[in-house]
Amino acid sequence: MKKILFMITIIGLLFGLTGCWGKKEIQSQVYVTGIGIDFAEDEFTVYIQAMNFANIAKQEGASSLKSVPNIIGEAKGKTIQSAISKFEQKAAYPLYFGHVETILLSENTIKEQVKAVVEYIGQDHFLRYNSNFFGTNQPIKEIFNSDSFFNYPSLYTVLHNPDPLTESNFIIPVQKYNKFISTYYEPVGSFIVPGLKINQSHFSEGEEKKQISALMGGFVISNQEYKGWVAKEDLSGIKWTSNQATTVPLSLFDEKVSVLIIKPERIVKVQEGTRPTYKLMVRGRAELVQNEDNISIDRIEEAINKKVKSDIQKSLEIGDEINADLLNISETAYRYHLKTWKPSEIKSFDLNSVEKIDVNIRVEKSVNYKR
């Protein structure tokens, strides 16, 4: 009897084990890596970018890579989901959205339909909140079809992998969708959706110019409203005040002096009054990597601090023009001094709210030329 009970228990456990009944071959699905959303004439145009796994597999030691184009899908619909459904009805294989790395919005979508995008991403359980979040004012198809170096797949471009660029050459914050959604409903500050444009001025392969997608500015959203496009040059104050930059290269004295600013840190002091005003301090250290004319360290430090202060002032002025706190300075008062002022008083941030900018960056390491 014990043996019979033992056998029944073993057989029962075997039925409980998971198997391969639901398995799918890797080539039996289309793996979507990017979603682009445009909006015009009361209609969404949704683009999907999918990649060939054969292209990715060739990264493992192939000596010469042949370009394998991405699959770009395009469908229109009154809603984002209705356009997606049209893809699913006409694709040769099921579309799988669990590998989406990047969500790319057109300027029109950022202007008028961010709420629809938020709703769509929130209800689709395959889309992850840690996806890259970009905008563009160029055709989305061109960005999805932009070139990569050495014919690597698009996964190795700034569109899908911006971290190496931002770590070695910080331009503006490239933040994931989860950061966007956490600040979208905040009454103060702003979120900058990094803007991609095709750059074909700096790289070529043979005689052919490479069309590389690059960060060229950002779309500013504040208090759930679109405030406008700001070029990269006008956002330069952000790299000194975001507390996210690890290394910022800087050229001075007609590009004869180059320094690397390491981890610039901002400190915001809130000063009491009828409304909050601020003292902004930036601290950091610099490594001197080029000094052609042997300019003194004192002069270089003076030029660095003057340049950083000028960049910050410029971004404050641009922010004032579009009525947005680009540097998120008022966030400090909102987080820590909400009992002192009403939210409306904190939201009244403008150019005059920053009473003092104090920059102190010291050169701690000089260039050592090889002899």
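Everything quoted here is computed from the prediction, not taken from an experiment.

Remarks on the nonpolar core
One finds Ile 304, Ile 312 and Ile 329 to be the most contacted residues of the largest nonpolar core, which totals 46 residues. Counting residues per element, the ones that place at least two in this core are helix H9 (238-241), strand S12 (247-252), strand S13 (257-271), strand S14 (277-291), helix H10 (297-321), helix H11 (331-336) and strand S15 (354-365). Those residues within four positions of Ile 312 in sequence are excluded, and the remaining contacts are Gly 237, Trp 240, Thr 241, Leu 280, Val 282, Leu 327 and Ile 357.

A look at the environment of Val 282
With respect to the helices, strands and loops of the structure, Val 282 is situated in strand S14. Each C-alpha atom of the pair Val 282 and Asn 305 lies 9.2 Å from the other, and the pair is 23 residues apart in sequence.

Topic: the packing of helix H3 (residues 80-90) against helix H5 (residues 114-123)
The contact between H3 and H5 brings their axes to 10 Å, and the two run at 55°. Between H3 and H5, the interaxial angle falls into the category oblique. Contacts between H3 and H5 involve Ile 80, Gln 81 and Ile 84 from the former and Ala 116, Val 117, Tyr 120 and Gln 123 from the latter. When grouped by side-chain class, the residues that make up the contact of H3 with H5 number five nonpolar, two polar and no charged.

Structural notes on the pattern of salt bridges
By the definition in use, this model includes 11 salt bridges. Put simply, Lys 314 and Asp 234 hold a salt bridge, and the shortest N to O gap is 3.4 Å. Of the two residues, Lys 314 is situated in helix H10 and Asp 234 in the loop between strand S11 (225-231) and H9; the sequence distance between them amounts to 80 residues. Overall, Lys 314 belongs to the partly exposed group, its relative accessible area being 36%. In this structure, the salt-bridge partner of Arg 285 is Glu 287, at a minimum N-O distance of 3.9 Å. On the basis of relative accessible area, Glu 287 is assigned to the partly exposed category, the value being 22%. Members of the salt-bridge network, linked through shared partners, are Glu 186, Glu 331 and Arg 335.

Focus on a nonpolar patch on the surface
Taken together, the side chains of Phe 149, Phe 150, Tyr 152, Tyr 156 and Phe 203 make up a nonpolar region of the molecular surface, amounting to roughly 530 Å² of accessible area. On the basis of relative accessibility, which here comes to 47%, the residue Tyr 156 falls in the partly exposed class.

As for the packing of aromatic side chains
Within this structure, the stated rule accounts for 17 aromatic pairs. Between Tyr 129 and Tyr 177, the ring centres sit 5.2 Å apart and the planes meet at 90°, which makes this aromatic pair edge-to-face. With Tyr 129 in the loop between H5 and strand S6 (132-136) and Tyr 177 in helix H8 (residues 177-184), this pair connects stretches of sequence that are 48 residues apart. These aromatic residues form a ring-pair network of at least three members: Tyr 129, Phe 133, Tyr 177, Phe 180, Tyr 184, Tyr 185 and Phe 191.

Topic: the side chain of Ser 146
By the element assignment, Ser 146 lies in the loop between helix H6 (140-144) and helix H7 (163-168). Polar side-chain contacts of Ser 146 include one of 2.8 Å to the backbone oxygen of Ile 143. Those residues in contact with Ser 146 that lie beyond four places of it in its chain are Ile 198, Gln 211 and Ser 213.

Digging into the environment of Lys 342
Following the sequence through the fold, Lys 342 ends up in the loop between H11 and helix H12 (343-347). In sequence terms Lys 342 and Arg 275 are 67 residues apart; their C-alpha atoms lie 8.9 Å from each other.

Looking at H10
Taking 1.5 Å of rise per residue, the 25 residues of H10 would be expected to cover 36 Å, and the 36 Å separating its terminal C-alpha atoms lies within 8% of that figure. Inspection of H10 places Ile 300, Glu 301, Ala 303, Ile 304, Asn 305, Val 308, Asp 311, Ile 312, Ser 315, Leu 316, Ile 318 and Gly 319 among the buried residues, and these make up the whole buried set. Of the residues one or two after H10, Asn 323 is the one with positive phi, at around 60°.

Some thoughts on the pairing of S6
Burial of S6 is extensive: five of the five residues sit out of reach of the surface. What you see with S6 is no split at all: Asn 132, Phe 134 and Thr 136 on one side and Phe 133 and Gly 135 on the other are buried throughout. Bridge count between strand S5 (residues 102-106) and S6: five bridges; the pairing is parallel. Looking at the pairing, Ser 106 lines up with Thr 136 of S6.

The rules behind these values
Residues numbered from 1 in each chain as written. Predicted model: local features only at pLDDT ≥ 70, side-chain atom pairs only at ≥ 80, totals over all residues. Heavy atoms only, no water. Core = buried A, V, L, I, M, F, W, Y, C linked by side-chain atoms within 4.5 Å. Buried < 20%, exposed > 50% of the residue type's maximum accessible area, 1.4 Å probe, protein only. Helix = DSSP H or I, 4+ residues; strand = E, 2+ residues; numbered from the N terminus. Contact = heavy atoms within 4.5 Å. Axes fitted to C-alpha atoms, helices over the stretch in contact; angles between N-to-C directions. Parallel < 35°, antiparallel > 145°, perpendicular 65-115°, else oblique. Nonpolar A, V, L, I, M, F, W, Y, C, P; charged D, E, K, R; others polar. Salt bridge = Lys/Arg side-chain N within 4 Å of Asp/Glu carboxyl O. Patch = residues over 30% accessible without salt bridge, like charges linked within 9 Å, V, L, I, M, F, W, Y side chains within 5 Å. Areas by Shrake-Rupley, 256 points an atom, 1.4 Å probe, with all protein chains shown as cover. Phe/Tyr/Trp six-rings, centres within 6.5 Å; stacked < 30°, edge-to-face > 60°. Polar contact = N/O pair within 3.5 Å; in protein donor to acceptor, adjacent residues only side chain to side chain. Expected span 1.5 Å × (residues − 1). Pairing = 2+ DSSP bridges.

Just distances and angles here, no functional claims.
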